[in-house]
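Listed here are the chains, written in short residue letters.
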Amino acid sequence: MRSWLLALALLVPTAALAAEGHPTLPASKVETGGDSLYVLDGKLTDQDGKEVTLANFRGKPVLISMFYATCPHACPMLVSDVRKIDSQLDPALRKEVQVVLVTFDPDRDTPEALAKVREAHKVDKDRWTFLRTDPGFVRELAAVLGIRYRFTPDGAIGHSSVITLLDRDGAIVSRVEGVRQPADDIVRKLNAMKK
Amino acid sequence: MVRIAAGEHVPIYPPSPEEAVIPMKAFEIDRHPVTNRDYLAFVTKHPKWRRGQVPRLLADRRYLEHWKGALELGPDADPDAPVTRVSWFAAKAYCEANGKRLPSENEWEYAAAASATSPNGRSDAAFTAKLLEWYSKPTPKVLPRVAQGEANFWGAHDMHGLVWEWVLDFGSTMVSSDSREDGDPDKMRFCGASAINAGDKEDYAAFMRYAFRSSLQGPYTVGNLGFRCAK
């Protein structure tokens, strides 16, 4: 059995970026060009209390990430990173792109709390959706997106920040790990999706 | 299933200074790893988890590769041997279909710390030496049956010595880098350095389990990685 030797070799984490006062976790690897995320049938609820599945976003390019509303530092930076990507898009394409943010923390992040976050960030309501789901599907979605997270005793959630681009069929085409990281690849691939 | 009593768990890698001792609630865990027979019944009832039906997103291409067919075990998979080559997604779905869940890493480690005679055998040199011996042996092509040896203090079999096992939150604990910790954040991430700070320096087998688990991804399937459920 050599698997544990392999495991030790794989331990070196990638893109661990500690935001001030916020525990972070390195992201894990994810293959691009694989299956559509829309095979996942977990039910989610949006900030208006409407039930959706990820497949509702089929047909449009999607930027998807995970966050939690009481997150002091990394999550606001995540929103600003997504905005930055958005600002570099062809205006015609931008109208189509959907931003989907799923909370790690369904207990505290009720639809009302999610609606407040959306309000606070003054984002385009036609394109930004904040979602919650059950803890089991939170874990599955995080595994699919290569996001590691854990609850800490003080109520914070240590997590890796990853922004993932899905094509119109829901397959992962690009991702950026960490906050304040260059997102040139996502921007380029998004602009290439212009019809 | 066997009941694991409430108590305190001392993780070998405390993910933060506040978590050096973790209070554990009582829970139940399967008496032995899920077998090929059990898993065959699951895929028979749930076609979406059959080999050839599962999307790559949820299980890599070697999923149940050693079975003869999608619904046939064949010579390389004894019905009473632990099922392996199952992804985390598949293991999680199996447990949920049976009204259970995957154990957390803390639960699994807490249950696995027991020797045959004590709820915590981690400082028992004979116990830890026996575990290490397993890690030095190659995995046989056809895995042996479950529950052939001695049960541990709780009545659970094969927590060591047969297969590695999935846990719900694999890979989330060991690799934390918490900026509230002073000093070098790398000390929590690398075996050699963190060994100095580890809770129990004798329990070398536990280092390997944490290392192995932190290298996994949800769709991975491995020939000696199985699972059991908790409740």
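The sections below set out a description of the structure shown in this document. (Residues numbered from 1 in each chain as written. Chains lettered and ligands numbered in written order. Predicted model: local features only at pLDDT ≥ 70, side-chain atom pairs only at ≥ 80, totals over all residues. Heavy atoms only, no water.)

### Digging into the packing of helix α5 (residues 135–145) of chain A against helix α2 (residues 88–97) of chain B
How two helices pack is summed up by the angle between their axes together with the distance between the axes.
Now for step 1: Between α5(A) and α2(B), the shortest axis-to-axis distance is 11 Å and the interhelical angle comes to 165°. As far as their axial angle goes, α2(B) and α5(A) are roughly antiparallel. Considering how the two elements wind past one another, α5(A) and α2(B) form a crossing that is left-handed. In this structure, α5(A) uses Gly136(A), Arg139(A), Glu140(A), Ala143(A) and Val144(A) to contact α2(B), whose residues at the interface are Trp88(B), Phe89(B), Lys92(B) and Glu96(B).
Now for step 2: Broken down by class, the residue content of the contact of α5(A) with α2(B) amounts to four nonpolar, one polar and four charged. (Axes fitted to C-alpha atoms, helices over the stretch in contact; angles between N-to-C directions. Helix = DSSP H or I, 4+ residues; strand = E, 2+ residues; numbered from the N terminus. Parallel < 35°, antiparallel > 145°, perpendicular 65-115°, else oblique. Left-handed = near helix turned anticlockwise from the far one by under 90°. Contact = heavy atoms within 4.5 Å. Nonpolar A, V, L, I, M, F, W, Y, C, P; charged D, E, K, R; others polar.)

### As for empty space enclosed by the protein
Now for step 1: Counted under the stated rule, the structure contains four cavities of 30 Å³ or more.
Now for step 2: Taken as a whole, the largest cavity holds about 160 Å³ of empty space.
Now for step 3: What lines the largest cavity is a set of 16 residues, and nearest its centre among them are Ala143(A), Ile147(A), Arg148(A), Phe170(B) and Ser172(B).
Now for step 4: The element that contributes the greatest number of residues to the lining of the largest cavity is α5(A), accounting for three residues. (1 Å grid on protein atoms, 1.4 Å probe; cavity = no way out; pocket = protein on both sides within 12 Å on 5 of 7 lines; lining within 4 Å. Points joined across faces, edges and corners; volume = space filled by probe spheres on them.)

### Description of the environment of Thr129(A)
All names here are of chain A.
Now for step 1: Relative to the elements of secondary structure, Thr129 occurs in strand β5 (residues 128–133).
Now for step 2: In the structure, Thr129 is positioned 29 residues away from Val100 in sequence and 5.0 Å away in space, judged by C-alpha atoms.
Now for step 3: Residues within four places of Thr129 in sequence aside, it is in contact with Asp46, Gln47, Phe57, Val99, Val100 and Leu101.

Remember that the coordinates give geometry; whether it matters functionally is a separate question.
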